[in-house]
Amino acid sequence: MKRIIIDCDPGIDDTLALIYLAAAHHEGAIELEAVTTTAGNVGAQQCAVNAAWVLSECGLRTIPLAAGMPGPLEVELTTTPETHGDTGLGYVSAPARHVETDWDALWCDAIDRGTDDLHLIVTGPMTNLAAFRRLHPRHFTQLKHITVMGGAVDYPGNTTETAEWNFWVDPHAAREVLAHAPTPVTLCSLGVTETMVLDPEALARVVDTLGPAPIARSLSEILRFYFEFHDDEGLGYLAQVHDLLTVQVALGTTLFDAQPHALDVHAVTGELRGTSFVAGGKTNARVVSRADTGAAHAEFLRACGVHAKFFGGSGELDAARHARAED
Ligand code: BDR
Ligand code: CA
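Notes on the structure in this doc start here. Model, not experiment: these values are computed from the prediction.

Attention now goes to the side chain of His84. Among the secondary structure elements, His84 is positioned in helix α3 (residues 81-84). The class for His84 is buried, based on a relative accessible area of 3%. Here the side chain of His84 touches Asn41 through a polar contact of 3.3 Å, side chain to side chain. Leaving out residues up to four positions away in the same chain, His84 has contacts with Gly11, Ile12, Asp13, Asn41, Leu89, Gly90, Phe225 and Tyr226.

A few words now on the site of ligand 1. Residues in contact with ligand 1, as listed here, are Asp13, Asp14, Asn41, His84, Thr123, Met149, Asn158, Glu164, Trp165, Asn166, His242 and Asp243. Between an oxygen atom of ligand 1 and a side-chain N or O atom of Asn166, the distance comes to 3.1 Å. For ligand 1, the protein covers 97% of the area, taking 280 Å² as the surface of the free molecule. Residue assignment for the shell around ligand 1 shows that the elements contributing at least two residues are α1 (12-26), α7 (165-169) and α12 (242-251). Classifying every residue of the shell around ligand 1 by side-chain character gives two nonpolar, six polar and four charged.

Take unusual backbone geometry next. In this structure, the amide linkage connecting Pro10 to the following residue, Gly11, adopts the cis form with an omega of -10°. For Asp154, which is not glycine, the phi torsion reads 50° and is therefore positive. Examined against the element boundaries, Asp154 turns out to sit in the loop between β5 (145-149) and α7. Its relative accessible area of 74% is what places Asp154 among the exposed residues.

A separate point is the coordination of the calcium ion (ligand 2). Donor atoms from the polypeptide that bind the calcium ion (ligand 2) are Asp9 (OD), Asp14 (OD), Asp14 (OD), Thr123 (O) and Asp243 (OD), placed at 2.2 to 2.6 Å. In terms of primary sequence, the donors binding the calcium ion (ligand 2) are separated according to D-x4-D-x108-T-x119-D. Taken together, the residues span a long stretch of sequence, with Asp9 in the loop between β1 (2-8) and α1 and Thr123 in the loop between β4 (118-122) and α5 (127-135) at a distance of 114 residues. Accessibility expressed as a relative area gives 1% for Asp9, which makes it buried. Note on Thr123: relative accessible area 1%, which makes it buried.

Between α5 and helix α8 (residues 171-180), whose axes approach to 8 Å, the crossing angle comes to 55°. Classified by the angle their axes make, α5 and α8 are oblique. For the element pair α5 and α8, the recorded crossing hand is left-handed. Contact with α5, carried on its side by Thr127, Leu129, Ala130, Arg133 and Arg134, involves Ala173, Glu176, Val177 and His180 of α8 and no other residues of that element.

About the criteria used
- Residues numbered from 1 in each chain as written.
- Chains lettered and ligands numbered in written order.
- Predicted model: local features only at pLDDT ≥ 70, side-chain atom pairs only at ≥ 80, totals over all residues.
- Heavy atoms only, no water.
- Helix = DSSP H or I, 4+ residues; strand = E, 2+ residues; numbered from the N terminus.
- Buried < 20%, exposed > 50% of the residue type's maximum accessible area, 1.4 Å probe, protein only.
- Polar contact = N/O pair within 3.5 Å; in protein donor to acceptor, adjacent residues only side chain to side chain.
- Contact = heavy atoms within 4.5 Å.
- Near = heavy atom within 4 Å.
- Areas by Shrake-Rupley, 256 points an atom, 1.4 Å probe, with all protein chains shown as cover.
- Nonpolar A, V, L, I, M, F, W, Y, C, P; charged D, E, K, R; others polar.
- Donors = N, O, S within 2.8 Å, 3.2 Å for Na, K, Ca; no water.
- Axes fitted to C-alpha atoms, helices over the stretch in contact; angles between N-to-C directions.
- Parallel < 35°, antiparallel > 145°, perpendicular 65-115°, else oblique.
- Left-handed = near helix turned anticlockwise from the far one by under 90°.

Below, the structure is given as structure tokens:
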């Protein structure tokens, strides 16, 4: 069974990623070992408050959780309230709570328990991963499975003309991790993650299938903000849910193609900040070029049924009803 650490910045699509991982944990498909947060969409502390609330709404109050580094390695932290809302959860606010900050100890403990089955997923800037290399170089080199959402490889950026948000927020971290990756990073970059789109009809199916799961009560208000943001950007009333696809790629629950590349990142503050590019040298990334997003949506709906059953509902029936409605 895969053991998972997710380092995330919830964040609306990160929230969907957490919901998916929580379902996989409930059904015994993975062991969710730790959730840590990186500063990005909002600050790392706020991300941790959000992640703790999402997990508790998914019936997982006891997963080890900690806030990571307060900001990027070398540049000031920029957050994006216009994309994810002031709280990071759209129109929803998680209750304030204390969060631990011993994120690197959680990572070391997990690595000490073995790395053949340990998968690290990063759905925010790579600040923590780069800092981890500096703090714990021996542990860093033991990581065997790393999947990251980030970058725009031969593809337009979503933050500048050429840069993707996660790489743009901490370009030095992205560059450092790729330069020293102990194993090629599975990279879900914009070229593939932008194909994973949730629209209001799909969200209605998700909420209905979640049934009595507490997170179902808030999901529409969380996503409404993201729909409006994408609409304002001229993309339509829908949402690109990058991080949800990324965790499915990491778990191998959706089919995908990936190509080996030697990648580098412009770690500068000017126009090219955070831009990823193909460089010469050793393969350091497997860039995901295509994923079966239809299957990914169906798999997410199935996972929502797992939550419904966990909370005493009939997730399978609700999912089946929607499948019939679509016929
Ligand atoms: C990435 O940026 C963030 O806003 C999202 O959560 C996702 O991880 C997409 O560029
Ligand atoms: Ca994210």
